[in-house]
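Survey of secondary and tertiary structure
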Amino acid sequence: MKTPKDHALFRAERDALAFLGLLSSLYLRFDPPISSPIGNQSQPTHFHGLNVHALVIDNADGEVLALEQNQIHAHQSPVEHGEQRVLRAAIARVGEKRPRGSATTVEDYYRSQLFYGDGLEEADFLNEGATIYTTLEPCPMCATTILVCRVKRAVFLLQDHTYGGAWITIKKTFYDKYNLTYGQLDLSNAKSPLIQRAHDINRAIGQKVENLHGQNVIDTLFFDHLAGDLQVAFQFFCGVTVGDLATKGAHNTANSRTLRDLKRMCNVPAANSVQSQARRPLRSALAFARWPYVSMARFSCSYVLNGAARSRRCTLAPRACGMAKSISQMSPQNTVFGNRVKSPLNTRLIASKYAPRLR
Ligand SMILES: [Zn+2]
């Protein structure tokens, strides 16, 4: 039987992991502000979009369903907010993971089975439906989308004094019958060394944000000024292992999954975790064994990648050809990828892409 204290630890640990994962994602994909060359220095632009990231966790098992970032500039579209993108990706993932049964209507599926659960207890908000985490409080468009999707729990890192606050009004007006929760990240109630460190980083960021506020920096640009804090969070996150989790039993299983998924999505090795230590020698052996195989694919199938007729140039077994073919389908930039295949260094890259197939 889990006590309220167990649930508080579970919640704070999951929130701390999401916090560190989001800041690591921001650090790794940081979009430096670009001052306008035509004089408007008050509103810098960015290559991809604003430095706002979001992720969705499946409360049932701790899986990170999706991790996305604001891409308004890359897509030249005002609706490509991180929350919009992450919810679309998470819907696709849940559709794969828990497809709608033939006895369930489409409406019932997205209202009650996608990201929602009926429960009212604190434990229900951690075990039912999904949680969306965002680095900045959602704007009115995203607050509405979160409610339309009936996301059980929404947590934001920094308050947005300009565009925030809409969730509460819209919930009360249109979605009051649903058991949903919304609020700013709070790591102060439960303690473990991991949570405490995340709490300290969060508090340092909070103090800097107060200063930025005093300098009239607008809320959507806060993270442009916090690159140093993002690096601190990322470096700490790199060293976090499953052994650092203080939860027990099912809570530990769920949070371990969250940690592993976040590290994979941020391309951070799961350093010193029990699983990675155990699998490392096996992975090295497999990498060595597949080397000649991939080298053969490199010489024969680069023609396939470059668009030449496969039947005239390729002499490899169908399995190897199939692999090269799937590289060419992997990206719309397949010509670039096809050129890259000629470099021995990039053959390693391809070997890593092929790893799951070769096993
Ligand atoms: Zn938004």
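1. Here we look at the overall build of the chain
Looking only at helices and strands, one finds 14 helices and five strands in the chain. Sequence separation of at least 24 residues holds for 64% of the intrachain contacts in the chain that already meet a minimum separation of 6.

2. Some details on the nonpolar core
Grouped together as the largest cluster of nonpolar side chains are 67 residues, with contacts concentrated most on Leu-55 and Val-56. Per-element accounting of this core gives the leading share, 12 residues, to helix α1 (residues 4-28). In this structure Leu-55 touches Ala-18, Gly-21, Leu-22, Val-64, Ala-66, Leu-67, Val-86 and Tyr-133, once residues within four positions along its chain are discounted.

3. So, unusual backbone geometry
The backbone phi angle of Gln-76 is positive, close to 50°, even though this residue is not glycine. If you trace the backbone, Gln-76 turns up in the loop between β2 (64-69) and α2 (82-97). Phi at Arg-150 takes a positive value of approximately 55°, unusual for a residue other than glycine. Along the chain, Arg-150 falls in the loop between α5 (140-148) and β4 (153-158). For Arg-150, a count of 20 C-beta atoms within 10 Å translates into the label buried.

4. Quick notes on the sheet that holds strand β3 (residues 130-136)
Pairing in this open sheet of five strands is mixed, and the strands run β2-β1-β3-β4-β5 from one edge to the other. With one partner strand each, in any of the chains shown, β2 and β5 (181-184) form the two edges of the open sheet. Direction aside, the axes of adjacent strands within the sheet are offset by 15° on average. In the sheet, β4 pairs with β5 via four bridges, with the strands oriented parallel. Across the sheet, residue Phe-156 finds its bridge partner in β5, namely Gln-184. On the sheet, α1 packs against β1 (53-58), β2, β3 and β4 and is oriented at approximately 145° with respect to β1.

5. Observations regarding the packing of helix α7 (residues 193-214) against helix α8 (residues 227-239)
The packing of two helices is summarised by the inter-axis angle and the distance between the axes. Packing of α7 against α8 leaves a shortest axis separation of 10 Å and a crossing angle of 175°. It follows from the interaxial angle that α7 and α8 lie roughly antiparallel. For the pair formed by α7 and α8, the contact residues are Arg-197, Ile-201, Ala-204, Ile-205 and Lys-208 on the first element and Asp-229, Val-232, Ala-233 and Phe-236 on the second. In terms of residue class, the contact of α7 with α8 is built from six nonpolar, no polar and three charged.

6. Quick look at helix α9 (residues 249-265)
For α9, with 17 residues, the first-to-last C-alpha span of 25 Å sits near the 24 Å given by 1.5 Å per residue. By the burial criterion, the buried members of α9 are His-251, Ala-254, Asn-255, Ser-256, Thr-258, Leu-259, Asp-261, Leu-262 and Lys-263. Where α9 is buried, its residues touch α1, β1 and β2. Where α9 ends, the next residue or the one after it, Asn-267, has phi of about 55°, a positive value.

What counts as what
Residues numbered from 1 in each chain as written. Predicted model: local features only at pLDDT ≥ 70, side-chain atom pairs only at ≥ 80, totals over all residues. Helix = DSSP H or I, 4+ residues; strand = E, 2+ residues; numbered from the N terminus. Contact = placed C-beta atoms within 7 Å. Core = buried A, V, L, I, M, F, W, Y, C linked by C-beta atoms within 7 Å. Buried ≥ 20, exposed ≤ 12 C-beta atoms within 10 Å, placed from the backbone. Pairing = 2+ DSSP bridges. Axes fitted to C-alpha atoms, helices over the stretch in contact; angles between N-to-C directions. Parallel < 35°, antiparallel > 145°, perpendicular 65-115°, else oblique. Nonpolar A, V, L, I, M, F, W, Y, C, P; charged D, E, K, R; others polar. Expected span 1.5 Å × (residues − 1).

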